[in-house]
Amino acid sequence: MSRTDEVQNPDGEPDAETTDTAFTSLLEDSVEELYERAPCGYLSTMMDGTIAKINATLLDWLGMERAHVVGRMRFTDLLTVGGKLYHETHFAPMLQMKGEINGIALDIEGSGRKRMAVLVTSKVKTGETGEPLLIRTTVFDARDRRAYENELLRGRQAAEEARRQAEADRRRLQEALAVLQQALLPATLPTIPGMVASSYYHTASPDLLGGDFYDLYPLGGDRWAFFLGDVCGKGPQAAAVTSLARYTLRAAGLHDPDPVHVLTTLNTVLHERYTSGDPRYCTAIFGVLHPGSDRVAVHLASGGHPSALIQRADGSADYLPTPGGMLIGVLPEAEFVSVRTELFPGDTLLLYTDGLTEARTGPGRDLYGEEALRTFAAGQRAAGPQALVGALTELLAGFGDGLDDDTALLALGVAPPSPTDLPTPASEDLT
């Protein structure tokens, strides 16, 4: 049985006498022992830095004998080259100005000339009249703290490098996607005698391939085909459908340019290709232009797509309705609606995808809507497709984050007569 067990009280706890004895034995350490074997380094230096006193703990860290240090070395002799420079330029001036300095991270040359990270606190001891007498310094072992800080630094550096790599990968991906997106659109629109064409494509996200598409191409015999559509979804799968739809429309238009027949062909292709697993569909308008001497005949059909808008030369604007046109690719047999109209000099036919009319605007995040688009077009001066597309481009930019879908615009217009083509008014006979 231990001595402690012998003096336990009935409750099993050591009595007060035993506790007092234990504390008394701890307090028997001499002040000198506490100084020499403290868990930190102590040293006192003269005002010029000469070491006057140093404890055994710090001597053990340095791997030096007391006789080689006291009166022979200065505090700066214990520091690395970088530490000496910092002591001269910052540490010593601040200590002289303020009388004390706390928790400064330095490196000393430890045993075997190995660098040892420490935290140094110094305070100037003054005499009764305030004159400085010596400097008392404590030195704490900061090796574990430095290792932890270095680990944190390496972690931050690794995270920063990963972030930079991710940004670089994202930029490369965006560049590749931009190239692929452009491959799904015509590089330039062809020139049609007597007409003007303009287009614009807004990409909602540079990280995703969009599904909007358009084109304008010759059919021969003074006729031209045009189309604009929107594939459901985004990304590589939507891009594959976009490519298939675009080339199907071009091929079908060259074979039989009747708009309803062209959309029917596209419906058959999409439904057979995506009939199981992952169904895909799109909306589209396909039309044919037949320029005449003073007007352009337009024949178009729509499959579930927003109605085309016509801005007239007189400043009015209205839709060319195509009700009843079904989504393309959903059903094996779909009905499509065709309509005919004529464009006169100064008129512009506008095709667009629903990213424009479904943009969120205002404090209530309301849909922009078709009526707002019609009002906007009517409020623009009838200056041709390029002017209208330019105005719409600024409108789209003004939506900010309310425009969260890709948007394609295709405008086709009849050029207004030039002044030289206008008839010369007959002169009045004033006689």
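Preceding this paragraph is the structure being described.
Residues numbered from 1 in each chain as written. Predicted model: local features only at pLDDT ≥ 70, side-chain atom pairs only at ≥ 80, totals over all residues. Heavy atoms only, no water.

Visitor: So what's going on with helix α5 (residues 81–98)? Which residues, and what values?
Guide: For α5, spanning 18 residues, the distance from its first C-alpha to its last is 25 Å, which sits close to the expected 26 Å at 1.5 Å a residue. Of all the bends in α5, the greatest, near 50°, is centred on histidine 87. Inspection of α5 places Gly83, His87, Phe91 and Leu95 among the buried residues, and these make up the whole buried set. Where α5 is buried, its residues contact β3 (100–109), β4 (115–126) and β5 (132–141). One or two steps after α5, the chain reaches glycine 99, where phi turns positive at roughly 90°. (Helix = DSSP H or I, 4+ residues; strand = E, 2+ residues; numbered from the N terminus. Expected span 1.5 Å × (residues − 1). Bend = angle between axes of the 7 residues up to and from the residue. Buried < 20%, exposed > 50% of the residue type's maximum accessible area, 1.4 Å probe, protein only. Contact = heavy atoms within 4.5 Å.)

Visitor: Could you give an account of the sheet that holds strand β17 (residues 407–414), with specific residues and numbers?
Guide: Across a sheet, strands are paired by hydrogen bonds formed along the backbone, either parallel or antiparallel in direction. The antiparallel open sheet is built from five strands, whose spatial order is β6-β17-β14-β11-β12. What marks the edges here is a single partner per strand, and that holds for β6 (195–202) and β12 (317–320). The average undirected angle you get between the axes of adjacent strands in this sheet is 20°. Here strand β14 (residues 348–352) pairs with β17 via five bridges, running antiparallel. Counterpart to leucine 351 in the pairing with β17 is leucine 410. (Pairing = 2+ DSSP bridges. Axes fitted to C-alpha atoms, helices over the stretch in contact; angles between N-to-C directions.)

Visitor: Describe the pattern of salt bridges, listing the residues and the values that go with them.
Guide: Tallied over the entire structure, the rule returns 16 salt bridges. In this structure, aspartate 60 engages arginine 37 in a salt bridge whose closest nitrogen and oxygen atoms are separated by 3.2 Å. Placement of the pair is aspartate 60 in helix α4 (residues 56–62) and arginine 37 in the loop between α3 (31–36) and β1 (41–45), with a sequence separation of 23 residues. Pair check on accessibility: aspartate 60 and arginine 37 agree, each one exposed. (Salt bridge = Lys/Arg side-chain N within 4 Å of Asp/Glu carboxyl O.)

Visitor: Break down a nonpolar patch on the surface for me, citing the residues and quoting the values.
Guide: Residues Tyr281, Leu327, Val330 and Leu331 make up a contiguous nonpolar surface patch of about 300 Å² in total accessible area. Mapped onto the elements, leucine 327 comes out in the loop between β12 and β13 (337–343). The class of leucine 327 is partly exposed, set by a relative accessible area of 34%. (Patch = residues over 30% accessible without salt bridge, like charges linked within 9 Å, V, L, I, M, F, W, Y side chains within 5 Å. Areas by Shrake-Rupley, 256 points an atom, 1.4 Å probe, with all protein chains shown as cover.)

Visitor: Can you break down helix α8 (residues 259–273) residue by residue, with the values?
Guide: In this model, α8 (15 residues) spans 21 Å end to end at C-alpha, consistent with the 21 Å of a helix rising 1.5 Å per residue. All of the buried residues along α8 are Pro259, Val262, Leu263, Leu266, Asn267, Leu270 and His271. Buried positions in α8, seen along its axis, are confined to an arc of 160° and lie on one side of it. Buried residues belonging to α8 abut α7 (236–255), β9 (282–291) and β10 (296–303). (Arc of directions from axis to C-beta.)

Visitor: An account of the sheet that holds strand β2 (residues 51–54) is needed here, citing residue identities and associated values.
Guide: With respect to topology, five strands assemble into an open sheet ordered β2-β1-β5-β4-β3, the strand pairing being antiparallel. Single-partner strands in this sheet number two, and they are β2 and β3. The mean inter-strand angle of the sheet, taken between neighbouring strand axes irrespective of direction, is 25°.

Visitor: Lay out the side chain of threonine 341 in plain terms, naming residues and giving numbers.
Guide: With respect to the secondary-structure elements, threonine 341 resides in strand β13. Excluding its chain neighbours within four sequence positions, the residues that come into contact with threonine 341 are Val296, Ala297, Val298, Ile310, Arg312 and Leu320.

Visitor: Go over the state of the cysteines with me, naming the residues and quoting the values.
Guide: Inspection of every chain in the model, using the stated rule, returns zero disulfides. Sulfur of cysteine 232: no disulfide; nearest cysteine sulfur belongs to cysteine 282 and is 9.8 Å away. (Disulfide = S-S within 2.5 Å.)

Visitor: Go over unusual backbone geometry, please, and point to the residues and values.
Guide: The residue aspartate 222 is not glycine, and still its phi comes out positive at about 65°. Here aspartate 222 is to be found in the loop between β7 (212–220) and β8 (223–231). Phi angles above zero are rare outside glycine, and arginine 365 is one such case at about 55°. Considering the arrangement of structural elements, one finds arginine 365 in the loop between β15 (360–361) and β16 (366–367). For arginine 365, a relative accessible area of 40% corresponds to the partly exposed category.

Visitor: Tell me about the packing of aromatic side chains, and name the residues and values.
Guide: Overall, the coordinates contain six aromatic pairs when judged by the stated rule. Ring centres of phenylalanine 227 and phenylalanine 286 lie 6.3 Å apart, and the angle between their planes is 15°; on these two criteria the pair is classed as stacked. One end of the pair, phenylalanine 227, is in strand β8; the other, phenylalanine 286, is in strand β9, with 59 residues separating them in the sequence. What makes phenylalanine 286 buried here is its relative accessible area of 0%. These aromatic residues form a ring-pair network of at least three members: Phe213, Tyr217, Phe227 and Phe286. Lying over the aromatic face of tyrosine 247, arginine 246 brings its terminal NZ or CZ to 5.5 Å of the ring centre. Here the basic side chain of arginine 250 rests over the ring of tyrosine 217, its NZ or CZ set 4.5 Å away from the ring centre. (Phe/Tyr/Trp six-rings, centres within 6.5 Å; stacked < 30°, edge-to-face > 60°. Lys NZ or Arg CZ within 6 Å of the ring centre and 35° of its normal.)

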